[in-house]
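Inside the fold
Below, each chain spelled out in residue letters.
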Amino acid sequence: MSNSSGQDKQINYIEFNVEHISRAKDFYGTAFGWTFTDYGPAYCEFSDGNLKGGFAHSEGVRSGGPLVILFADDLADTLERVKKAGGKISKEIFEFPGGKRFHFVDPEGYELAVWSDK
């Protein structure tokens, strides 16, 4: 059997366990313009326009694990949007071979990063 979808062995969905789904929606909607579909009080699907994922209600969040990295055309503007939405910058913009990035902690306690090749 072959997979003709072109998605074989690719990351297809990311799920965050969160204490407050509404807080996660407010943050990611404001900072990144994500859209949401609610599936009852304990689950919400998000879309960033490219990848889908979910926010699942959980008592207690364990941060750590893989670092999710987003892309931005305008890194400085995105950093300001993250701060205005309530994110805390954990690493200011720094250069690395191939671009620049910063890290932030969202209101639920997850650390993510944003990079740009500009």
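Before reading on, note that the structure itself is shown above.
What comes next concerns the included structure. (Residues numbered from 1 in each chain as written. Predicted model: local features only at pLDDT ≥ 70, side-chain atom pairs only at ≥ 80, totals over all residues. Heavy atoms only, no water.)

1. Brief notes about the pairing of strand S7 (residues 99-105)
Note that strand S6 (residues 88-96) and S7 share six bridges and pair antiparallel. Bridging across to S7, Phe96 finds its partner in Gly99. Between S6 and S7, which pair antiparallel one after the other, the connecting turn spans two residues, and Gly98 there sits at a positive phi close to 110 degrees. Relative to strand S8 (residues 111-116), S7 runs antiparallel, the two being bridged by six bridges. Residue pairing for S8: Arg101 is matched across the bridge by Trp115. Connecting S7 to the antiparallel partner S8 that follows it, the hairpin turn spans five residues, and Gly109 within it adopts a positive phi of roughly 105 degrees. (Pairing = 2+ DSSP bridges. Helix = DSSP H or I, 4+ residues; strand = E, 2+ residues; numbered from the N terminus.)

2. Considerations on helix H2 (residues 75-84)
Buried residues of H2: Leu75, Thr78, Leu79 and Val82, and no others. Looking straight down H2, one finds its buried side chains confined to an arc of 105 degrees; they lie on one side. Looking at the buried residues of H2, the elements they touch are helix H1 (21-32), S6, S7 and S8. Capping the start of H2 is the job of one residue whose side-chain oxygen sits 3.3 Å from the backbone nitrogen of Ala76: Asp74. Just past H2, the residue Gly86 takes up positive phi, approximately 110 degrees. (Buried < 20%, exposed > 50% of the residue type's maximum accessible area, 1.4 Å probe, protein only. Arc of directions from axis to C-beta. Contact = heavy atoms within 4.5 Å. Polar contact = N/O pair within 3.5 Å; in protein donor to acceptor, adjacent residues only side chain to side chain.)

3. Comments concerning the nonpolar core
Counting 22 residues, the largest nonpolar core has Phe55 and Phe104 as the members making the most contacts within it. Looking at this core, the elements that each hand over two or more residues are strand S1 (13-18), H1, strand S3 (43-47), H2, S7 and S8. Element by element, the count of residues in this core is highest for H1, at five residues. For Phe104, the residues in contact, after removing those within four places along its chain, are Phe27, Tyr28, Phe32, Val82, Lys88, Ile89, Ser90, Tyr110, Glu111, Leu112, Ala113 and Val114. (Core = buried A, V, L, I, M, F, W, Y, C linked by side-chain atoms within 4.5 Å.)

4. Some words on the side chain of Asp106
If you trace the backbone, Asp106 turns up in the loop between S7 and S8. Buried within the structure, Asp106 lacks any salt-bridge partner; Arg23 is the closest side chain of opposite charge, at an N-O distance of 7.3 Å. At 2.9 Å, the side chain of Asp106 forms a polar contact with the backbone nitrogen of Gly109. Those residues in contact with Asp106 that sit more than four places away from it in its chain are Phe27, Tyr28 and Leu112. (Lys, Arg positive; Asp, Glu negative; His and termini not counted. Salt bridge = Lys/Arg side-chain N within 4 Å of Asp/Glu carboxyl O.)

5. Side note on the sheet that holds S7
The strands making up a sheet are joined through hydrogen bonds of the backbone, oriented either antiparallel or parallel. Overall, mixed pairing links the four strands, which are arranged S5-S8-S7-S6 in an open sheet. Lying at the two open borders of the sheet, with one neighbouring strand each, are strand S5 (68-71) and S6. Neighbour to neighbour, the strand axes of the sheet diverge by 20 degrees on average, direction disregarded. Looking at chain direction, S5 and S8 are connected through four bridges and run parallel. Paired with Ile69 across the bridge in S8 is Ala113. (Axes fitted to C-alpha atoms, helices over the stretch in contact; angles between N-to-C directions.)

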